[in-house]
Amino acid sequence: MKTNIRVALVGNPNTGKSTLFNILTGLNQKIGNFPGVTVDKKTGFCTLPDGRTAEIIDLPGTYSIYPKSKDESIVFSVLADKSKGMVPDLVVVILDASNLKRNLLLYTQVADLKIPVVVALNMVDVSDKAGIKINIDLFAKKLGVPVVPISARKNTGIDKLKSAIAFANSVPLQQDTIDIESIAPGIIAQIKGEMQVENPYIALQLAHQHETLSYLSAAESDRIEQLEREHSFHSQKAQATETIARYNFINDLLYDTVKKAETAHDETISNKIDKILTHKVFGFVIFFAILLFIFQAIFSWSEYPMSLIENLFIWLQAGAAKILPAGPLSSLIIDGVLAGLSGVLVFIPQIAILFALISILEDTGYMSRVTFMMDKVMRKVGLNGKSVVPLIGGFACAVPSIMSTRTIENWKDRMITIMVTPLVACSARLPVYTLLISLVVPNRNVWWIFNMKGLALTAMYVLSIFSAIIVAFVMKFILKARERGYFIMELPVYRMPRWKNVIFTMYDRSKTFVLQAGKVIIAVSVILWVMKSYGPGDRFAQIDKQYAQPQYTKTMTPDSLSKVIASEKLENSYAGVFGHVIEPVIKPLGFDWKIGIALISSFAAREVFVGTMATIYSVEGDADKMQSVQQKMHEAKNPQTGEPVFTLAVAFSLMMFYAFAMQCASTVAVVYRETKDWRWPAAQFAYMTALAYTASFIVYHWLK
Amino acid sequence: MKLSQLEIGETGIVKEFTDLEMSVKLMEMGCLPGEEVRISRIAPLGDPIAISVSGYQLSLRRFEASTIILQ
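- The name given to chain B in an unreviewed UniProt entry is Ferrous iron transport protein A, and the organism recorded there is Mucilaginibacter rubeus.

Structure follows, in structure tokens:
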């Protein structure tokens, strides 16, 4: 799309920046990467009142231009790096009107970079109610920039903001906020001269951030280092001086423009909620009740839509079997692609429910209370209160959760969080657990309300959290700390969840899951189908020849004969041969070669398990009757003993394997991307596989 | 007196910091000399604590609070 103006959105976390971004761009947005770094770059397009199109870039929320985490470091680069042509024409700084003082710090920093600025004063409705009177005209005059009062939640003032963007000056007109040169006169002057930087604040930031800025050359960075020594520049002292100067400016500004009603320490609603939700006893009770509710919801709410999807696929497969001529192609479509697809799509309801509930917890501000309550415990085991969010997010998917560890400033805390997050029972394990639990756990209620299947699933989830905590505790002693950890964090006021946002997240995540998992599953299904339909050498021909002999054709019905042939062929196919090769290794865990095939193909992605099972057991199913995977597995018998294959011991041993093993190519890739070192994902893969094997072994022999 | 010595509901005014690294981070978040701070709650396990400062709630660990000297 051709754009006429590039606009960056900048603001503190919890100021409604993402809501504003969604309103401005609608669903017309995409997620990419900033060049050279793995920070998500959300961009979208917005039509302005004068007919031009603005490209809107949503920069990560930050309290200051001094980065404390990986995500935040992108903000200064985008605003100052002129070399890549990414610098926006205009910055919209979004300020929370009910919390102006702290919000203004970032404004003064951005304003001093001398890019044209428009201020969006959000939540004016909230600040009005709190008795905060802002003289907006005077405020705008003192800053020298347009100030537009808006309410992103209530969708008011947006048109005015759009016209302010359209008619913004192309030159920066904002007032200077503080005297920057006086902070570090010598070094600022020299950097300005040597590096052709006009702006004194950019020069000062180069001195502060040169080690982490990717756009500086090594020579430039070394030269700045040298200058720092010459001028005895102390980064933290300079920053302290600057911050104090900025707050002096802000206090003067607010003194003139904002009048607060005298309601001294009025008990706010948020405070009352906090009294209960972070209460000594109720706090934890409520937290665990919420977790239990989530798991029960995943199981019970999804039952009906899941059976609908399942039946739809059975119907599709039956229909395809009628229409398509029998042969390898129809078998590929029915037993390969359709079986594999139904294995993924059937879990959309559960994944959607999980993502919706997690996004509600984040949106309301409850998640940061969980962080607050859990910090002490988490610190004991080598983590950080902030690790709670990736760990809970890990229930949905390890990939975005590992990316969200970027908010953890401390290197060691972050690494341990990355290492243990894949242990948390993600949504891809859900299909495997659901299938196996419904096979072996009776559908009964205990204590009236708790369904036994739901309890078994909850147990798997609790186990996953405990294992993550224990592994973290061990790693605490292995890894060496690089810097001090700290926990200085805003507790945002409680808000109602934005339902549109929840629905959008639910839709977006489910779509991503289906597309990503779908690709892998179809690929694996096709490969698997090929491997099970063809065998090495002339084995298949020999089987056909053997069963064509009269002693078989005369004594057996054609139906049972074709079943025997099919299962002989499966055993002699490439997949069967391969399964037999690994069988000795997995036999101690209670698995046969068929499960072995599923196990190995699941190393691409766990959810492949269900599709693989469907493909492998489709051989034994009744040709006239399309059955669900569950029925097929239920009827599976051990050919030697005639006993069912999936006993309690085997099912739980399998679940243990899936609970601990690193069977996810995407996670391996993202861990590499986040750590930039192959040894991390390698170590993770190794320890998780070892854990998986041990746990399965113990559980199988215990339950057998 | 240190901020970490206050009880829930008590207020104080920040005077100075004993730790430069912490002070930079705290000041960015609006907790700087001259500001009034009030202990608004303590986490169920006794640490961290939440203070209200500059019109919002900030949580920090007891150790971090002990680097803040009050007037």
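After that view, the rundown keeps rolling.
1. Observations concerning the overall build of chain A
(1) Moving on: Across its full length, chain A carries 32 helices and twelve strands.
(2) Moving on: Principal-axis analysis of the C-alpha atoms places the extent of chain A at approximately 100 × 60 × 55 Å.
(3) Moving on: Across the 704 residues in chain A, those meeting the buried criterion constitute 43%.
(4) Moving on: Of all intrachain contacts in chain A linking residues separated by at least 6 positions in sequence, the fraction that spans at least 24 positions is 72%.

2. A word on the packing of helix α7 (residues 185–194) of chain A against helix α8 (residues 200–209) of chain A
Residue and element names in this part refer to chain A.
(1) Moving on: The interhelical angle for the contact between α7 and α8, taken along N-to-C directions, is 100 degrees, at an axis separation of 9 Å. With respect to α8, the element α7 is oriented roughly perpendicular. Only Pro200, Ala203, Leu204, Leu206 and Ala207 of α8 make contact with α7, whose side of the interface consists of Ile187, Ile188, Ile191 and Lys192.
(2) Moving on: Of the residues assigned to the contact of α7 with α8, the class counts are eight nonpolar, no polar and one charged.

3. Regarding the interface of chain B and chain A
(1) Moving on: Between chain B and chain A, the contact holds 28 residues from the first and 30 residues from the second.
(2) Moving on: For the side of chain B that touches chain A, the secondary structure elements donating two or more residues are α1 (20–28) and β4 (56–60) of chain B.
(3) Moving on: A per-element tally of the side of chain B that touches chain A places α1 of chain B first, with nine residues.
(4) Moving on: Its residues assigned to classes, the side of chain B that touches chain A comprises 15 nonpolar, six polar and seven charged.
(5) Moving on: Direction of pairing for strand β12 (residues 489–491) of chain A relative to β4 of chain B: antiparallel, over a ladder of three bridges. Across the sheet, leucine 491 of chain A pairs through a bridge with glutamine 57 of chain B, a residue of β4 of chain B.

4. With respect to the confidence of the model for chain B
Residue and element names in this part refer to chain B.
(1) Moving on: Looking at chain B as a whole, its pLDDT mean stands at 92, while 100% of the residues score no less than 70.
(2) Moving on: When pLDDT is averaged over each helix and strand of chain B, the minimum, 91, is found for α1 and the maximum, 94, for strand β5 (residues 68–70).
(3) Moving on: The ipTM for the predicted assembly is 0.95, set against a pTM of 0.80.

5. Brief notes about the sheet that holds strand β1 (residues 11–17) of chain B
(1) Moving on: Taking strand neighbours across the sheet as the criterion, the six strands line up as β12(A)-β4(B)-β3(B)-β2(B)-β1(B)-β5(B) in an open arrangement whose pairing is antiparallel. The sheet terminates laterally at β12 of chain A together with β5 of chain B, the two strands that pair on one side only. Each strand axis lies, on average, 45 degrees off the axis of its neighbour in the sheet, ignoring direction.
(2) Moving on: In the sheet, strand β3 (residues 49–53) of chain B pairs with β4 of chain B via five bridges, with the strands oriented antiparallel. When the sheet's bridge partners are listed, serine 52 of chain B is paired in β4 of chain B with glutamine 57 of chain B.
(3) Moving on: Relative to β12 of chain A, helix α16 (residues 366–380) of chain A is tilted by about 125 degrees, and along the sheet it contacts β12 of chain A together with β3 and β4 of chain B.

6. Looking at the UniProt feature "domain: Ferrous iron transporter FeoA-like" (unreviewed entry) in chain B
(1) Moving on: When the UniProt feature table is mapped to this numbering, "domain: Ferrous iron transporter FeoA-like" (unreviewed entry) covers residues 1–71 of chain B.
(2) Moving on: Between the first and last C-alpha atoms of residues 1–71 of chain B the distance is 7 Å; the span itself is 18% helix and 38% strand.

7. Observations concerning the pairing of β1 of chain B
Residue and element names in this part refer to chain B.
(1) Moving on: Relative to strand β2 (residues 36–42), β1 runs antiparallel, the two being bridged by three bridges. Residue pairing across strands places threonine 11 opposite arginine 38, the latter belonging to β2.
(2) Moving on: Two elements, β1 and β5, share three bridges in a ladder whose sense is antiparallel. Looking at β5, one finds that glutamate 16 is bridged to isoleucine 69.

8. Topic: the domain arrangement of chain A
Residues and elements named next belong to chain A.
(1) Moving on: In terms of domains, chain A is made up of domain 1 (5–166), domain 2 (185–260), domain 3 (282–301 + 349–499) and domain 4 (501–703).
(2) Moving on: Using C-alpha coordinates to define each centre, domain 3 is positioned 28 Å away from domain 4.
(3) Moving on: At the interface, 33 residues of domain 3 touch 35 residues of domain 4.
(4) Moving on: Sorting the residues of the side of domain 3 that touches domain 4 by element identifies α15 (348–364), α18 (398–404), α19 (411–420), α20 (429–440) and α21 (452–478) as the ones contributing at least two each.
(5) Moving on: Counted by class, the side of domain 3 that touches domain 4 contains 26 nonpolar, four polar and three charged residues.

9. Brief notes about the environment of alanine 541 of chain A
(1) Moving on: Summarising the element assignment, alanine 541 of chain A is placed in helix α23 (residues 539–547).
(2) Moving on: Spatially, the C-alpha atom of alanine 541 of chain A lies 22 Å from that of valine 526 of chain A, the residues being 15 residues apart in sequence.

10. Comments concerning the nonpolar core
(1) Moving on: By size, the foremost hydrophobic cluster in this structure holds 202 residues, and its most contacted members are Val93, Val118 and Val119 of chain A.
(2) Moving on: Of all the elements, helix α30 (residues 648–660) of chain A adds the most residues to this core, at ten residues.

About the criteria used
- Residues numbered from 1 in each chain as written.
- Chains lettered and ligands numbered in written order.
- Predicted model: local features only at pLDDT ≥ 70, side-chain atom pairs only at ≥ 80, totals over all residues.
- Helix = DSSP H or I, 4+ residues; strand = E, 2+ residues; numbered from the N terminus.
- Buried ≥ 20, exposed ≤ 12 C-beta atoms within 10 Å, placed from the backbone.
- Contact = placed C-beta atoms within 7 Å.
- Axes fitted to C-alpha atoms, helices over the stretch in contact; angles between N-to-C directions.
- Parallel < 35°, antiparallel > 145°, perpendicular 65-115°, else oblique.
- Nonpolar A, V, L, I, M, F, W, Y, C, P; charged D, E, K, R; others polar.
- Pairing = 2+ DSSP bridges.
- pLDDT = per-residue confidence, 0-100.
- UniProt positions renumbered as here; feature names shortened; annotations may be inferred.
- Domains from an automatic or database assignment.
- Core = buried A, V, L, I, M, F, W, Y, C linked by C-beta atoms within 7 Å.

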